[in-house]
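# Observations on the model geometry
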Amino acid sequence: QVQLVESGGGSVQPGGSLRVSCAASGSILSINDMYWYRQASGNQRELVARISRGDSTNYADSVKGRFTVSRDNAKNTVYLQMNSLKPEDTAVYYCKAEIVDSRWGKTWDIWGQGTLVTVSS
């Protein structure tokens, strides 16, 4: 069984920084694209950033220049470095990964449980 576990959420003042991490574990053959989404209270879940296995990245316009997504393939982990945080960045942040399992060779979209980021003075 494959799972994603996020960590690093918390509270920060506007203008501050925070890094969230997401580690995959289980019967993993390889991981293709990895994603960060967020969902603010009362809103739909939105894509924040994407990183390919070869480190190609895409960002939502709202976070460009402030957020950086990276990954460590040896650790099956994806990171989201968030700088210059704003109150509107407050949300539950979820990671998602396209994981090829080692048992069946199938590709699954696996979601993490989410981690809360609160930006407030």
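Heads up: the structure comes first, above all this text.
## A word on the overall build of the protein
Counting secondary structure elements, the protein contains zero helices and 11 strands. For the protein, the C-alpha radius of gyration of 14 Å lies close to 14 Å, the compact-globule estimate for 121 residues. Dimensions of the protein, computed from C-alpha atoms along their principal axes, come out at roughly 50 × 25 × 25 Å. Considering only contacts within the protein whose residues lie at least 6 apart along the sequence, 55% involve residues at least 24 apart. Of the accessible surface of the protein, which amounts to about 6400 Å², a share of 44% is contributed by carbon and sulfur atoms. Side chains of the protein carry 13 positive and 11 negative charges; the gap between the two charge centres is 2 Å.

## Comments concerning the packing of aromatic side chains
Inspection of every chain in the model, using the stated rule, returns two aromatic pairs. When the ring of Y35 is compared with that of Y37, the centres are 6.1 Å apart and the planes differ by 40°; the resulting orientation is tilted. What makes Y37 buried here is its relative accessible area of 14%. Here Y37 and W111 contribute two aromatic rings whose centre-to-centre distance is 4.9 Å and whose plane-to-plane angle is 50°, an arrangement assigned as tilted. Of this pair, Y37 sits in strand β4 (residues 28–39) while W111 sits in strand β10 (residues 107–111), and the two are 74 residues apart along the sequence. Its end group placed over the ring of Y94, R45 keeps NZ or CZ at 3.7 Å from the ring centre. The side chain of K96 reaches across the aromatic face of Y35, ending 4.6 Å from its centre.

Criteria and cut-off values
Residues numbered from 1 in each chain as written. Predicted model: local features only at pLDDT ≥ 70, side-chain atom pairs only at ≥ 80, totals over all residues. Heavy atoms only, no water. Helix = DSSP H or I, 4+ residues; strand = E, 2+ residues; numbered from the N terminus. Rg over C-alpha atoms; globule rule 2.2 N^0.38 Å. Contact = heavy atoms within 4.5 Å. Areas by Shrake-Rupley, 256 points an atom, 1.4 Å probe, with all protein chains shown as cover. Lys, Arg positive; Asp, Glu negative; His and termini not counted. Charge placed at Lys NZ, Arg CZ, Asp CG, Glu CD. Phe/Tyr/Trp six-rings, centres within 6.5 Å; stacked < 30°, edge-to-face > 60°. Buried < 20%, exposed > 50% of the residue type's maximum accessible area, 1.4 Å probe, protein only. Lys NZ or Arg CZ within 6 Å of the ring centre and 35° of its normal.

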